Every structure is written in structure tokens, then in C-alpha cells.
Amino acid sequence: MIHGVEIKRLVTHVDERGSLTELIRCDDPFFEKFGQCYVSVSWPGVIRAWHWHKKQTDYFVCIRGMIKVPLFDLRPESPTYRELNEFFLGDDNRIVLKIPPGVAHGFKNIGTEPCYLLNFPTEPYDPDDPDEYRLPYDTPEIPYSWEIQYR
């Protein structure tokens, strides 16, 4: 796994009333700090990529639908420099994915309904000085195919 990337498996408690799932707690060992929280809704097949941050850590949770999230380590000083990982988040794999600064990431809605992605970044968005760096989803600089992989 890319250095600094972590996963928290989510536990859902169910009874006759419904369910409750804790996402992130301030005392989680992998949690750094709270900057803000937002939800991103994407239609089926939509790809949002690539981007990364120099200061901000992201915590992705897909609360509805299914997404695939590739990560690519852009940090020359990292022991996993240029390593690629792929994760599946959502209804069928309830996890929080921690994405450290310097790791390029994106996601694709692989379901048939809109997906709802929550992010808990460690820094609030500053429109005057955005900590966002981008490449096109199909850049040759990242060796990744967004197509379905038959394994």
C-alpha cells in the first residue's frame, strides 16, 4: 500500500429501527484533524480526476453507491514513489480511505445510481489560495486505465 494511506473498516449497528455507522471519530488513531466536511454527488460513469494537495489530507467515505478510487504516489521522497493503488468504496465495501498530501487521486462512479462521496479534509478550502493541483483523468503521466478490469 502507498506510504501514509490507511483504511478504517466501518462497523454498522443494525436493529429494527434501522442502522447507525460511525464514520470518523476525533480519537481514531489515523485521524489528524478536522478542516471541513463536504458531499460530492456524481452520476453513473462520471470520473473526477486527477488531483492532489500539498498540505491537505483527505478522508473519503462513499455513503451511497459504489466508486473506485485509484491513488498514485507523486512524492519523490516516499518509499512508494510512483506506486499505484486502487480501492473500491461504498455500499459493498464500507471503509474510510485516508489519502495523504502528495498522493494523486480521483474516483469513478461504477454504479447505476448517483454516488454520494463524503470528504473530511484536514484543511478548509481557501478560494484565494487553493491547495489543489490537477492533471486530466487520462494523463499519460499516471499509468492507470479507468476501464473495467477483468481479473
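Above: the structure in question.
As the structure is a prediction and not an experimental result, all values here were calculated from the model.

A.B. asks: Would you mind showing me how to read the sheet that holds strand β11 (residues 115–119) here?
C.D. replies: Within a sheet, each strand pairs with its neighbour through backbone hydrogen bonds, oriented either parallel or antiparallel. Within the open sheet, the five strands sit side by side as β1-β9-β6-β11-β4. Their pairing is antiparallel. Strand pairing shows two members of the sheet lacking a second neighbour, β1 (6–9) and β4 (38–42), which therefore form its edges. On average, adjacent strands in this sheet sit at an angle of 25° to one another, irrespective of strand direction. Across three bridges, the pairing between strand β6 (residues 58–64) and strand β9 (residues 95–99) is antiparallel.

A.B. asks: Help me understand the state of the cysteines in this model?
C.D. replies: What we call a disulfide is simply a covalent bond connecting the sulfur atoms of a pair of cysteines. All told, the structure shown has zero disulfides when counted by the stated rule. For C62, which is in no disulfide, the shortest distance to another cysteine sulfur is to C115 and amounts to 5.2 Å.

A.B. asks: Where do I start with the sheet that holds strand β5 (residues 47–52) in this structure?
C.D. replies: On the basis of which strands lie adjacent, the open sheet formed by five strands has the order β8-β7-β10-β5-β12 and antiparallel pairing. For this open sheet the edge positions go to β8 (84–90) and β12 (133–134), each flanked by a neighbour on one side alone. Examined bridge by bridge, β5 and β12 share two bridges and lie antiparallel to one another. Residue pairing across strands places H51 opposite R134, the latter belonging to β12.

A.B. asks: Help me out: how do you make sense of the side chain of K8 in this one?
C.D. replies: Mapping K8 onto the fold places it in strand β1. Residue K8 is classed as buried on the basis of its relative accessible area, which comes to 17%. One polar contact links K8 to D28, side chain to side chain, over a distance of 2.9 Å.

A.B. asks: Would you take a moment to explain a nonpolar patch on the surface for this structure?
C.D. replies: Judged by side-chain polarity, V39, V41 and W43 come together as a nonpolar surface patch covering roughly 300 Å² of accessible area. When you line up the elements, V41 lands in strand β4. By relative accessible area, which is 33% here, V41 ends up partly exposed.

Definitions and limits used
Residues numbered from 1 in each chain as written. Predicted model: local features only at pLDDT ≥ 70, side-chain atom pairs only at ≥ 80, totals over all residues. Heavy atoms only, no water. Pairing = 2+ DSSP bridges. Helix = DSSP H or I, 4+ residues; strand = E, 2+ residues; numbered from the N terminus. Axes fitted to C-alpha atoms, helices over the stretch in contact; angles between N-to-C directions. Disulfide = S-S within 2.5 Å. Buried < 20%, exposed > 50% of the residue type's maximum accessible area, 1.4 Å probe, protein only. Polar contact = N/O pair within 3.5 Å; in protein donor to acceptor, adjacent residues only side chain to side chain. Patch = residues over 30% accessible without salt bridge, like charges linked within 9 Å, V, L, I, M, F, W, Y side chains within 5 Å. Areas by Shrake-Rupley, 256 points an atom, 1.4 Å probe, with all protein chains shown as cover. Salt bridge = Lys/Arg side-chain N within 4 Å of Asp/Glu carboxyl O.

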